[in-house]
Amino acid sequence: MLSSLAGVLFDGFAYGMLLFLLSVGLTVTLGMMNFVNLAHCSFAMVGGYATVTLVNKLGWPFLATLPFAFLTGSLVSIALERTLYRRLYQASDLDQCLLTIGIVFVSVAAFAWLYSTEQQSTRVPEALRGSTQWMGVSFGAYRLFLIATGLAVAAILILGLERTRFGARVRAAVDNQRMARGLGIDVDRTFMITFALGGGLAGLGGALAIEIVGLDPTFALAYLVYVLIVVAVGGLGSIGGSFAAALLLGISDMAGKYYVPWLGAFLIYLVMVALLMWRPLGLFGKR
């Protein structure tokens, strides 16, 4: 009983880290910039397919592709921010939703045409394929790597966005662009960097997700709901909130599938409703 509980907690923790890596970029753009970017998981799909291409067609080592997955997601997000998104910073939420959900459908069709609708996979290093036994519980090496990566990203983001001058500049630019420009802040450049960071994190999450959940052209739609749930439960603009929400939802989802399989994936929605009824602004939300 204890070993099965430990296994569920470990798998749920790893899945929560995956949800965090997929959603934290949206926490940055939606929570800090007030831009409803429903195409966030399209950036994750871009990073995932970049990894698939580099590993399966060019023979790159899996770990070496991760920086390029981040870079690819960043470059695509910069291109969209410079050409489309910047025109809608002052637009209504509905206008932003319509544009970005349109980008999702375009990306789904584009990747289905380029890579077909088949499920994609990659070859991970031998060191990440095995598992470690401890006290009768099996800990998968790749899941341990995923947890370590998620913890590192969370620490870097919390220090970099919530406790530095750059994070303060982003919040100032969002709250009052005219005043921010008067103080010498380059608002356009700040927004571009922030979108690049959000898109890059999505690309990294998409690359890391392949080994756990696979990758196909519907990825951008299938995981959009989970990403939005994490951001909503964690609270807008809170990196720590998204981290806590992702862990809670990941463990709840895994426990539900193991202990109450008749509920299936529905338990994650019950947890979301209960948490938002308790704290309508999210776990750490302030607005």
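Computed from a predicted model, the values in this text were never measured in an experiment.

### Quick look at the overall build of the protein chain
For the protein chain, the helix and strand inventory stands at twelve helices and two strands. Sequence-ordered secondary structure for the protein chain, helices as α and strands as β, is α-α-α-α-β-β-α-α-α-α-α-α-α-α. Taken over C-alpha atoms, the radius of gyration comes to 19 Å for the protein chain, in line with the 19 Å a tight globule of 287 residues would show. The dimensions of the protein chain, computed from C-alpha atoms along their principal axes, are 60 × 50 × 35 Å. Split into buried and exposed, the 287 residues of the protein chain put 51% on the buried side.

### What about the pattern of salt bridges?
Evaluated as defined, the whole model comprises four salt bridges. Between D11 and R143 there is a salt bridge, and its shortest N-O distance comes to 3.6 Å. With a gap of 132 residues between them, D11 in helix α1 (residues 2-33) and R143 in helix α5 (residues 141-162) connect regions that are remote in the sequence. The class for D11 is partly exposed, based on a relative accessible area of 28%. Note on R143: relative accessible area 32%, which makes it partly exposed. Across the pair E81 and R82 runs a salt bridge, and its minimum N-O distance is 2.6 Å. Using a relative accessible area of 0% as the deciding quantity, one classes E81 as buried.

### Overview of helix α8 (residues 187-213)
Taking 1.5 Å of rise per residue, the 27 residues of α8 would be expected to cover 39 Å, and the 37 Å separating its terminal C-alpha atoms lies within 8% of that figure. Of all the bends in α8, the greatest measures close to 25° and is centred on A207. Counting buried positions along α8 yields 19 of 27 residues, so the element is predominantly enclosed.

### Digging into unusual backbone geometry
Despite not being glycine, S116 shows a phi value in the positive range, around 70°. Along the chain, the position of S116 falls in the loop between α4 (93-115) and β1 (131-134).

### A closer look at the side chain of T190
Within the secondary structure, T190 is located in helix α8. T190 sits in the buried class, given a relative accessible area of 7%.

### Overview of the nonpolar core
By size, the foremost hydrophobic cluster in this structure holds 84 residues, and its most contacted members are F20, Y85, L208, F219 and V233. Take this core: its biggest share by element is 14 residues, from α1. Once residues within four sequence positions are removed from consideration, F219 is found in contact with L22, C41, A44, M45, A209, V213 and G214.

### Some words on the packing of α5 against α8
The contact between α5 and α8 brings their axes to 11 Å, and the two run at 170°. As the angle between them shows, α5 and α8 are arranged roughly antiparallel. Two secondary-structure elements touch here, α5 through Y142, R143, F145, L146, T149, V153, L157 and L161 and α8 through L197, L201, L204, A207, L208, E211 and I212.

### Considering the packing of aromatic side chains
Considering all chains together, one arrives at 16 aromatic pairs under this definition. Taking the centre distance of 4.9 Å and the plane angle of 85° together, the rings of W60 and F68 count as edge-to-face. Each ring, one from Y85 and one from F195, has its centre 5.1 Å from the other, and the planes form 50°; the classification is tilted. Residue Y85 is located in the loop between α3 (62-83) and α4, and its partner F195 is located in helix α8; the two are separated by 110 residues in the primary sequence.

### A look at a nonpolar patch on the surface
Taken together, the side chains of L58, W60, F68, L71 and L75 define a hydrophobic patch exposed on the protein surface, amounting to about 470 Å² of accessible area. With respect to the element layout, L58 can be found in the loop between α2 (40-57) and α3.

### What about α5?
With 22 residues, α5 ought to run about 32 Å at 1.5 Å a step, and its terminal C-alpha atoms sit 31 Å apart, in line with that. If you check which residues of α5 are buried, you get A141, Y142, L146, I147, T149, G150, V153, A154, L157 and L161.

### Topic: the side chain of T122
Tracing the backbone shows T122 in the loop between α4 and β1. Those residues in contact with T122 that lie beyond four places of it in its chain are T51, V52, V55, N56, F62, I210 and E211.

### A word on the environment of T194
Tracing the backbone through its elements, the reader meets T194 in helix α8. What makes T194 buried here is its relative accessible area of 1%. In this structure the C-alpha to C-alpha distance between T194 and I268, which are 74 residues apart in sequence, comes to 29 Å. Here T194 is in contact with V28, T29, M33, F166 and V170, once residues within four sequence places are set aside. Looking at T194, its side chain comes within polar contact range of the main-chain oxygen of T190, at 2.8 Å.

Reading guide: rules and limits
Residues numbered from 1 in each chain as written. Predicted model: local features only at pLDDT ≥ 70, side-chain atom pairs only at ≥ 80, totals over all residues. Heavy atoms only, no water. Helix = DSSP H or I, 4+ residues; strand = E, 2+ residues; numbered from the N terminus. Rg over C-alpha atoms; globule rule 2.2 N^0.38 Å. Buried < 20%, exposed > 50% of the residue type's maximum accessible area, 1.4 Å probe, protein only. Salt bridge = Lys/Arg side-chain N within 4 Å of Asp/Glu carboxyl O. Expected span 1.5 Å × (residues − 1). Bend = angle between axes of the 7 residues up to and from the residue. Core = buried A, V, L, I, M, F, W, Y, C linked by side-chain atoms within 4.5 Å. Contact = heavy atoms within 4.5 Å. Axes fitted to C-alpha atoms, helices over the stretch in contact; angles between N-to-C directions. Parallel < 35°, antiparallel > 145°, perpendicular 65-115°, else oblique. Phe/Tyr/Trp six-rings, centres within 6.5 Å; stacked < 30°, edge-to-face > 60°. Patch = residues over 30% accessible without salt bridge, like charges linked within 9 Å, V, L, I, M, F, W, Y side chains within 5 Å. Areas by Shrake-Rupley, 256 points an atom, 1.4 Å probe, with all protein chains shown as cover. Polar contact = N/O pair within 3.5 Å; in protein donor to acceptor, adjacent residues only side chain to side chain.

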